[in-house]
Amino acid sequence: MRGAAFAALTALILSGCVESSSLVEDTTRTAAKGVVKTVINSKFPGVDADLYVDCVMDNADTDQLVTLAKAAVTGVDETTVSTVTEIASEPETLKCIAQSGLSGLLG
């Protein structure tokens, strides 16, 4: 009986960690997404940033997302711009951007 109670308690605690981890990831992505949009709007005026933000976000690795999320607090600097540019220059990001641009043109 004690073993079953311990197992249930462990599962409950671990599920809380999963929820917390998910919350942290969602918060990080939301903050990073706002920064990416700010950088695109700033560096490429007149471009519909919404067409490209998801491509950049989908191709960013965890370290890049954390760097971008930090910029939501500390402010956008050259490192932030460099990070967005680096992600946007990746082949998969460029492919996504091209497809998004075409779908935007075609409606």
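This text follows the structure it describes.
Right, let's walk through the structure included here. All figures in this text were calculated on a predicted structure; none of them were measured in a lab. (Residues numbered from 1 in each chain as written. Predicted model: local features only at pLDDT ≥ 70, side-chain atom pairs only at ≥ 80, totals over all residues. Heavy atoms only, no water.)

1. With respect to the overall build of the protein
Thought 1: Summing up its helical and strand segments, the protein has 5 helices and 0 strands in all.
Thought 2: Along the protein, from the amino end to the carboxyl end, the secondary structure elements read α-α-α-α-α.
Thought 3: A separation threshold of at least 6 residues defines the contact pool for the protein, and within that pool the share at least 24 residues apart is 60%.
Thought 4: Working note: accessible area of the protein is about 7200 Å², and carbon and sulfur atoms make up 61% of it. (Helix = DSSP H or I, 4+ residues; strand = E, 2+ residues; numbered from the N terminus. Contact = heavy atoms within 4.5 Å. Areas by Shrake-Rupley, 256 points an atom, 1.4 Å probe, with all protein chains shown as cover.)

2. Brief notes about the pattern of salt bridges
Thought 1: This model, assessed by the stated rule, comprises 3 salt bridges.
Thought 2: Here Arg29 and Asp58 are joined by a salt bridge, their closest N and O atoms 3.7 Å apart. You can see Arg29 sitting in helix α1 (residues 2–43) and its partner Asp58 sitting in helix α2 (residues 50–58), a full 29 residues away along the chain.
Thought 3: For Asp58, a relative accessible area of 56% gives the class exposed.
Thought 4: Measuring nitrogen to oxygen at the nearest pair gives 2.8 Å for the salt bridge that ties Lys37 to Asp50. Of this pair, Lys37 sits in helix α1 while Asp50 is found in helix α2, placing the two residues 13 residues apart along the sequence.
Thought 5: Relative accessible area serves as the criterion here: at 34%, Lys37 is assigned to the partly exposed category. (Salt bridge = Lys/Arg side-chain N within 4 Å of Asp/Glu carboxyl O. Buried < 20%, exposed > 50% of the residue type's maximum accessible area, 1.4 Å probe, protein only.)

3. A short note on helix α3 (residues 62–74)
Thought 1: Compared with an ideal rise of 1.5 Å per residue, which puts 13 residues at 18 Å, α3 spans 18 Å between its outermost C-alpha atoms and is within 8% of the ideal.
Thought 2: The opening residue of α3 is Asp61, an N-cap whose side-chain oxygen sits 3.1 Å from the backbone nitrogen of Asp63.
Thought 3: The first or second residue beyond α3 is Gly75, which carries a positive phi of 105°. (Expected span 1.5 Å × (residues − 1). Polar contact = N/O pair within 3.5 Å; in protein donor to acceptor, adjacent residues only side chain to side chain.)

4. Considering the state of the cysteines
Thought 1: Inspection of every chain in the model, using the stated rule, returns 1 disulfide.
Thought 2: The disulfide that involves Cys55 links it to Cys96, with 2.0 Å between the sulfurs. Because the sign of the S-S torsion sets the handedness, a value of about -70° for the bond joining Cys55 and Cys96 places this disulfide among the left-handed ones. With a gap of 41 residues between them, Cys55 in helix α2 and Cys96 in helix α5 (residues 91–106) connect regions that are remote in the sequence. (Disulfide = S-S within 2.5 Å.)

5. Overview of the side chain of Thr93
Thought 1: Mapped onto the secondary structure, Thr93 falls in helix α5.
Thought 2: If we skip the residues at most four places from it in the chain, Thr93 touches Cys55, Val56, Asn59, Ile87 and Ala88.

6. Quick look at the side chain of Thr83
Thought 1: When you line up the elements, Thr83 lands in helix α4 (residues 78–88).
Thought 2: Since its relative accessible area comes to 10%, Thr83 is described here as buried.
Thought 3: In this view, Thr83 contacts Gln64, Thr67 and Leu68; residues no more than four positions away in its chain are not counted.

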